[in-house]
Amino acid sequence: MTSTGRDTSQRRLQISELVRQHGSVQVAELARRFGVSMQTVRKDLRYLSERGVMSRAYGGAIDNGALGAPAVEPHYEAKRTSHLEQKRRIGARAAALVEPGATIAIDSGTTAIQLAEALPNVELTVVTNDFGVLGALVSKSNIEIVMLGGQLRRKNMAFYGGLTVEAIEALHVDALFLGVDGFDLERGIPTHYEPEAQLNRKMVEAARKVVAITDSSKFGRICLHRIIPVSELDMLITDTDAPADIVQACEQLGVEPLLA
């Protein structure tokens, strides 16, 4: 990537964070803040709105969360930039639990990528179906990578299907780190995509220990396809904004909560 490309990517990431912090942003204010033209900012906002990160408004943009939109699956770019600092802390906390020599499975998702980024370059075996996790691990030469093949779903850059399920059925892992689209105490751990729910259930069966990794924005969010009930988790790693009643309920269900 060129220097200009990196600058654009960083600016768009910062704009995404600003709109989430403040609920809205203005073109003129962003142009002054980043020292670029208003036309450049409008291009940035158009790029981000097309990827579901925000919605355009007169003279600027509005956080999608302020619009009361239904719980539909966000675009991959929106997921990648959302709650990034919390995901980094969660990923680092999860990585600290992994002992050298372990065999772990890492599910798809942007929090899962942060876990992969945080893993040290020590002897491990990592099983995954996520393209981003693969990319984060490929330079860590001491980590053995087992990639679950299948059909690539570009919406979240992960592999699914019969071949993927067949591959995980032949494996056993010490721990599964499960990224989630929602978390509800009554309805369980859900996802937007039915083949992902099927694969995740097989991953749970293959794992000695199941760890959910999710930022607190997912609590109370309902998706169509349930993976497992919350009680089937061994551990939940989330951020410090997690509601106290959910943390307490998890403890009562025998799920160990860790706050990052």
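Structure: above.
Residues numbered from 1 in each chain as written. Predicted model: local features only at pLDDT ≥ 70, side-chain atom pairs only at ≥ 80, totals over all residues. Heavy atoms only, no water.

*Asks:* Help me understand the environment of arginine 12 in this model?
*Replies:* Summarising the element assignment, arginine 12 is placed in helix α1 (residues 3–22). The buried category is assigned to arginine 12, whose relative accessible area is 18%. Taking C-alpha positions, arginine 12 is 8.0 Å from leucine 45, a pair spaced 33 residues apart along the chain. Non-local contacts of arginine 12, meaning those with residues more than four positions away in its chain, are made with Lys43, Asp44, Tyr47 and Leu48. (Helix = DSSP H or I, 4+ residues; strand = E, 2+ residues; numbered from the N terminus. Buried < 20%, exposed > 50% of the residue type's maximum accessible area, 1.4 Å probe, protein only. Contact = heavy atoms within 4.5 Å.)

*Asks:* Explain unusual backbone geometry here, please?
*Replies:* Leaving glycine out, the prevailing phi sign among residues is negative, and the prevailing peptide bond configuration is trans. In this structure, methionine 157 is a non-glycine residue whose phi angle is positive, near 55°. Mapped onto the elements, methionine 157 comes out in the loop between β7 (151–153) and β8 (158–160). Its relative accessible area of 22% is what places methionine 157 among the partly exposed residues.

*Asks:* Looking at this model, I keep getting lost on a positive patch on the surface. Mind explaining?
*Replies:* A contiguous patch of positive charge, built from Arg42, Lys43, Arg46 and Arg56, is present on the exposed surface. The dominant element in the positive patch, judged by the number of residues it contributes, is helix α3 (residues 38–50), at 3 residues. Relative to the assigned elements, lysine 43 resides in helix α3. You can call lysine 43 partly exposed: its relative accessible area is 43%. (Patch = residues over 30% accessible without salt bridge, like charges linked within 9 Å, V, L, I, M, F, W, Y side chains within 5 Å. Areas by Shrake-Rupley, 256 points an atom, 1.4 Å probe, with all protein chains shown as cover. Salt bridge = Lys/Arg side-chain N within 4 Å of Asp/Glu carboxyl O. Lys, Arg positive; Asp, Glu negative; His and termini not counted. Charge placed at Lys NZ, Arg CZ, Asp CG, Glu CD.)

*Asks:* Just to check I follow, could you spell out the packing of aromatic side chains for this structure?
*Replies:* Aromatic ring pairs are defined here through the distance separating the ring centres and the angle between the ring planes. Applying the stated criterion across every chain yields a total of 2 aromatic pairs. Plain terms: the ring middles of phenylalanine 183 and phenylalanine 219 are 5.0 Å apart, the flat faces sit at 90° to each other, and that makes the pair edge-to-face. Taken together, the residues span a long stretch of sequence, with phenylalanine 183 in the loop between β9 (173–179) and β10 (189–191) and phenylalanine 219 in the loop between β11 (207–213) and β12 (225–228) at a distance of 36 residues. Accessibility classification places phenylalanine 183 together with phenylalanine 219 in one group, the buried group. Stacked on the ring of tyrosine 47, the Lys or Arg arginine 12 has its end atom at 4.1 Å from the ring centre. Across the ring face of tyrosine 193, the terminal group of arginine 153 is positioned such that the distance to the ring centre comes to 3.8 Å. (Phe/Tyr/Trp six-rings, centres within 6.5 Å; stacked < 30°, edge-to-face > 60°. Lys NZ or Arg CZ within 6 Å of the ring centre and 35° of its normal.)

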